Amino acid sequence: MRIARFTTGDDPLYGIVTGEVDEHGQPDPDSVVVALAGDPLYVGVKLLEEQHRLADVRLLAPVLPRSKVVAIGKNYAAHAAEMGGEPPKEPLMFLKPNTSVVGPGDPIFYPPQTSDLHFEGELAVVIGRICRDVPREQATDVIHGYTVANDVTARDLQKSDGQWTRAKGFDSFCPLGPWIETDVDPHDFEVGRSVQTYLNGDIKQDGSTRDLIFDIPTLIAHITSVMTLLPGDVILTGTPEGVGPMQVGDEVEVSIAGIGTLTNKVAQR
């Protein structure tokens, strides 16, 4: 089930996206969105009679994190190497504010404080219930679904600050979308799903979730040993190698097989 948040020009709605998604994350051109009677995280899946062609709606960020985005750094060995370091011994956590979240098609704003803005395509996990101290073997019980993310980073600020809050926390630095896919076997990520990032149509990142150093159950167990997660909170699971700079006017696409494609353009702030 693909849960979208969308608008037709009025107040945002939630809906179920019908049709299939191809291996590149692109939906069937005949897909429609069947409206729901509210956020399924809180009211469940209650279908309405209202329907819209997917092509006729504007997709929004599929979730507005209730409190936080928890991101994981250097969770692919090749990316850790390209950043000039060894893989961490345990998950390396940092936070992005929920105000950094934007949706498909929204601009990524290039702030004047940086001159080295990078893309980082990632698999994102959406939490479905309040949870703390979750055992690894029960981690999938707290997952609502999965979506696509871009962990936008001001690389020069990341280096100069010595910590990552400013470099990764600007408004628009966490695009999410295009929807939440709930019907995924978590073991598929261990087998491997491609995570690809394109810059102006040229492929820059081509990784696989099978190369995650710490898998999703391990991440959930580790994070919830530190902090409580709330419904709608998001975990960014890390980026493959190939991160690189973006410029104003560039278009960035992050695609995860079987989930979807997230597209954003870079604009001057």
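Just so we're clear, the structure is a prediction, and the values are computed from it rather than from any experiment.

Caption draft 1: Focus on the sheet that holds strand E19 (residues 251-256). Reading across from one edge, E9-E20-E19-E15-E16 is the order of the 5 strands in this open sheet, with mixed pairing throughout. Strand pairing shows two members of the sheet lacking a second neighbour, strand E9 (108-110) and strand E16 (202-208), which therefore form its edges. Strand-to-strand twist of the sheet, defined as the mean angle between neighbouring strand axes without regard to direction, takes the value 20°. As paired strands, E9 and strand E20 (residues 260-268) are joined by 3 bridges and run parallel to one another. In the sheet register, Ile 108 faces E20, and the bridge partner there is Val 266.

Caption draft 2: Geometry of the nonpolar core. Of all hydrophobic cores here, the largest spans 43 residues; its most connected members are Leu 117, Tyr 146, Ile 216, Ile 220, Ile 235 and Met 246. Discounting residues that sit within four places of it in the chain, Ile 220 has contacts with Val 134, Ala 139, Val 142, Ile 143 and Ile 235. Residues Tyr 14, Ala 61, Ala 149 and Ile 180 belong to the second largest nonpolar core, which totals 19 residues.

Caption draft 3: Representation of the packing of aromatic side chains in the model. Applying the stated criterion across every chain, the model contains 3 aromatic pairs. Consider the rings of Phe 94 and Trp 164, whose centres lie 5.0 Å apart with planes at 70°: the pair is edge-to-face. Of this pair, Phe 94 sits in strand E7 (residues 92-96) while Trp 164 sits in the loop between helix H3 (155-161) and helix H4 (165-169), and the two are 70 residues apart along the sequence. Arranged with centres 4.7 Å apart and planes meeting at 55°, the rings of Tyr 146 and Phe 189 form a pair that is tilted. One end of the pair, Tyr 146, is in strand E12 (residues 143-150); the other, Phe 189, is in helix H5 (residues 187-191), with 43 residues separating them in the sequence.

Caption draft 4: The arrangement of unusual backbone geometry in detail. Along the chain, Gly 177 connects to Pro 178 via a cis peptide bond; the corresponding omega equals 5°. Inspection of the secondary structure puts Pro 178 in strand E14 (residues 174-181). Phi at Asp 133 is positive, roughly 50°, even though this residue is not glycine. Positionally, Asp 133 belongs in the loop between strand E11 (121-127) and E12.

Caption draft 5: Quick peek at the pattern of salt bridges. Inspection of the entire model under this criterion finds 11 salt bridges. Of the charged contacts, one joins Arg 136 and Asp 215 as a salt bridge, the two residues approaching to 2.3 Å between their closest N and O atoms. Of this pair, Arg 136 sits in the loop between E11 and E12 while Asp 215 is found in the loop between E16 and helix H6 (216-224), placing the two residues 79 residues apart along the sequence. In this structure Arg 136 comes out as partly exposed when scored by relative accessible area, which is 40%. Classification of Asp 215 as buried rests on a relative accessible area of 18%. Close ionic contact of Lys 168 with Asp 151 constitutes a salt bridge, the shortest N to O distance being 2.8 Å. Here Lys 168, found in helix H4, pairs with Asp 151, found in the loop between E12 and strand E13 (153-154); they are 17 residues apart in sequence, far enough to count as distant. Here Lys 168 and Asp 151 have matching classes, each one buried.

Calculation rules
Residues numbered from 1 in each chain as written. Predicted model: local features only at pLDDT ≥ 70, side-chain atom pairs only at ≥ 80, totals over all residues. Heavy atoms only, no water. Pairing = 2+ DSSP bridges. Helix = DSSP H or I, 4+ residues; strand = E, 2+ residues; numbered from the N terminus. Axes fitted to C-alpha atoms, helices over the stretch in contact; angles between N-to-C directions. Core = buried A, V, L, I, M, F, W, Y, C linked by side-chain atoms within 4.5 Å. Buried < 20%, exposed > 50% of the residue type's maximum accessible area, 1.4 Å probe, protein only. Contact = heavy atoms within 4.5 Å. Phe/Tyr/Trp six-rings, centres within 6.5 Å; stacked < 30°, edge-to-face > 60°. Salt bridge = Lys/Arg side-chain N within 4 Å of Asp/Glu carboxyl O.

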